[in-house]
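Here's the letter readout for the chains.
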Amino acid sequence: MVTVEAAGLILPSDVLIIVMENLSIEDLINLSYTCKFVNLLVHEFGWSLYLKHNVRSSFTLQLARRSWSSFDQVRYDVASDRSWTRAKFNARPLSHSWRIKLQPIIALSASVLLVAAGYTIYVYHITDSSSLDDGAPRVLYEGSYSFTDRREITSITFIPHDHSERTVAVGFDDGHIHRVFLPHFRQEQSNNKPLALNIERDSPLGLRIVDLVESLTCSDDMLLSLSSFGTAGLCNLSSDSPLVNAINLDCRSWSSFICMKSSTPFTAFGTTSPNPLVVHAVTPFSLSSTPFAILHSTRERSTAVYGITDAPPSAPWGSSKQVIVSGWYDGAVQVHDMRSGWRDTGVTGTPAPLRPMLTFRDPWSDEPIYSVSCGGGSSSFVAAGTARHSVVAFWDVRRPTEGWSVHAPGNDTSPVYSLILESSRVFGVTQSRPFVLDFGPGVTKETYPFLPASTQSQHDSLKLKKNGFGYCVTQYNHGRV
Ligand SMILES: *[C@@H]1O[C@H](CO)[C@@H](O)[C@H](O)[C@H]1NC(C)=O
Ligand SMILES: *[C@@H]1O[C@H](CO)[C@@H](O)[C@H](O)[C@H]1NC(C)=O
Ligand SMILES: *[C@@H]1O[C@H](CO)[C@@H](O)[C@H](O)[C@H]1NC(C)=O
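Residues numbered from 1 in each chain as written. Chains lettered and ligands numbered in written order. Predicted model: local features only at pLDDT ≥ 70, side-chain atom pairs only at ≥ 80, totals over all residues. Heavy atoms only, no water.

## Here's the deal with the sheet that holds strand β3 (residues 112–117)
The mixed open sheet is built from 5 strands, whose spatial order is β2-β3-β4-β5-β9. Single-partner strands in this sheet number two, and they are β2 (105–108) and β9 (196–199). For this sheet the average axis-to-axis angle between neighbouring strands, irrespective of direction, equals 25°. As defined by bridge partners, β2 adjoins β3 across 4 bridges and the pair is classed as antiparallel. Directly across from Leu-108, in β3, lies its bridge partner Leu-113. (Pairing = 2+ DSSP bridges. Helix = DSSP H or I, 4+ residues; strand = E, 2+ residues; numbered from the N terminus. Axes fitted to C-alpha atoms, helices over the stretch in contact; angles between N-to-C directions.)

Shown next, in the form of C-alpha cells:
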C-alpha cells in the first residue's frame, strides 16, 4: 500500500491514467483505496476507461445511462453480469394474454418497445431515470395503433437515422412494405381508457410482391426484405427511388439479416433448401444474386434456418462483423465466423461450405429454434426462442456446455417468435403476450406495466413471487442429471 501511495505521489497523473486503461474492476477498486488523490483520479478517469473497454449494449438503458455517473454505470453492469452468471432475474409478462393466438414480432429502440401482433402495434415507452437509486429505467404501456384496412403485420423494423424513433418499416401479409410514422398519443386522452389510434398505410416502399413479407431488417440506410417464396429486395431509404434491386432465392424463405458496417457489406438468408443459410454481398449498386458464402450445420442433413443475428461488441470472440449466429429447425444454434477457413470437404460446388465454429443445443429439447439474439452478461450470451412451451434457452459462450432454459411467464404452449437480448434485459413474445426477463438491479413494482390480477390471469397460470414484482417461472439446467 505504502509503495503504491508513494508511487502515486511520484508518478504524474497522465501516467496513472495510462496504467488504468487495462485494469480490472478489482484492481481499480484497490487502486482507489490508496489515497485521496488516486481515488479522485479513478472516479474521474478509471471508471469511464473501464466502460470504454467493457461495452454493454442496450437500448432501454441508453437514455438513463447518459445521466448516470461512470461509477453508477459500472455498478449496474457488475450487478447484472453477476445475476447472469447465477441465472437470477425477474420475469414479467408485459400484458394480459390476447384473446386469439397471434404471430407477433418485437422491435426495440432507445425510447420505445413495439409489439406488432395481428393488425395492431402495441407501444411501450421507455423512461430515463436520472439516478440508479430512483430504480431502473421503466418500460410502460403507452397505447396501440391499428391499421384501418386490417391487414396483418408480418414484419417490422425501426428505420435508423430517424431521431424521433417513431418511423418504422412494416411488412404485411399482402406483400406490401410501408414506411410508417407512429404519431405521439395526445396527453389529454383519458387515463383509464387504453389509448388507440387508427392509422392508414401510405408511403409504400420498394417492390410489390404477392406473397407475405416474412422478414425486414435494416442497417444504416439500407432495408432488406424477404418474402416467403424467396424474393429478396434491397432498398436505399435515403434515395428518392428506394428500390435498388431484387433477386429470387427460389425457395421457401424465413429469415434475413443485413450488415452494411462490415468491410464487405453483406446480407444473410435463412431458407429451406439444401443450403439453408447463404451470404450474399451488397455492392454499392446491387444485391448480388449468387452467394459468396454457404454456411453449413454440423449435421449431415441440412434443415431450415428461422433466425439470424450478429454478435454484440465486446463479445469474447471480438466484435467482428464477420460472425453470424443462426437458429435452425433441428434445434441447433450455430455460430459461423466467415474469417475461418474451416470448410466442408468432399462437397462439390463453389463456394465450399463453411463449418460452424460453435454449436449450442439444449440436450433436453429438439424443438426448432424460432428466434436468436446475442448480448447479456459480459456480452457473452446467446439466447434462442424455441418452438414450444415458450422456452428460451441461454448459453454463455465462455461455458457452452452449461446452458439453461426458462419458460416465459404464463407457460404458454407457444413458440417464442421474436427475441431481443440487451446487456441486462431480454424481451420476447409468444402467441399470447410479450414478456421481459430483467437481470439488472433496481427493478421495482413500477418498472414494468402493472397487471391487475384477473380471473383470466389465474387461469393463465401467472403467479407473482413473494417479492411482489417478479413472476414465477420454470427454469432448468441443460446439464441436469
Ligand atoms: C485487492 O486488495 C485485497 C485486500 O488488500 C487483496 O486481497 C486482493 O488480492 C487485491 N486484488 C488485486 C487484484 O490485487
Ligand atoms: C443511398 O442513396 C443516397 C442518396 O442517393 C446515396 O448518397 C448513398 O450513397 C446511397 N447508399 C448506398 C449504400 O448505396
Ligand atoms: C410449464 O410447462 C412445463 C412443460 O410443459 C412444465 O414442466 C412446468 O412444470 C410448467 N411450469 C409451470 C409453472 O406451470
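## What to know about unusual backbone geometry
The phi dihedral of Ala-87 is positive, around 55°, even though this residue is not glycine. Within the secondary structure, Ala-87 is located in the loop between α6 (70–85) and β1 (90–93). Looking at Ala-87, the relative accessible area reads 14%, which means it is buried. Within the chain, His-389 stands out as a residue other than glycine whose phi angle is a positive 55°. You can see His-389 is positioned in the loop between β24 (381–386) and β25 (391–396). (Buried < 20%, exposed > 50% of the residue type's maximum accessible area, 1.4 Å probe, protein only.)

## Some details on the site of ligand 2
In the vicinity of ligand 2, the contacting residues are Met-222, Asn-236, Ser-238, Ser-239 and Pro-284. At 2.3 Å, a side-chain N or O of Asn-236 approaches an oxygen atom of ligand 2. If ligand 2 stood free it would expose 370 Å²; the protein chains cover 44% of that surface. Here the residues of the shell around ligand 2 are counted per class, giving 2 nonpolar, 3 polar and no charged. (Near = heavy atom within 4 Å. Polar contact = N/O pair within 3.5 Å; in protein donor to acceptor, adjacent residues only side chain to side chain. Areas by Shrake-Rupley, 256 points an atom, 1.4 Å probe, with all protein chains shown as cover. Nonpolar A, V, L, I, M, F, W, Y, C, P; charged D, E, K, R; others polar.)

## What about α6?
Helical periodicity: at 3.6 residues per turn, an α-helix aligns residues three or four positions apart in one direction. Here α6 spans 23 Å end to end across 16 residues, near enough to the 22 Å set by a 1.5 Å rise per residue. Taken together, the buried positions of α6 are Asp-72, Gln-73, Val-74, Tyr-76, Asp-77, Ser-80, Asp-81, Ser-83 and Trp-84. Count one or two residues on from α6 and you reach Ala-87, which has phi positive near 55°. (Expected span 1.5 Å × (residues − 1).)

## Some words on the pairing of strand β14 (residues 253–259)
Of all 7 residues that make up β14, 6 are buried, and the element is covered over most of its length. Bridging between β14 and strand β15 (residues 266–271) involves 6 bridges; their strand directions are antiparallel. Within β15, the residue paired with Phe-257 across the bridge is Ala-268. Here β14 folds back onto β15 in antiparallel fashion, the turn holding 6 residues.

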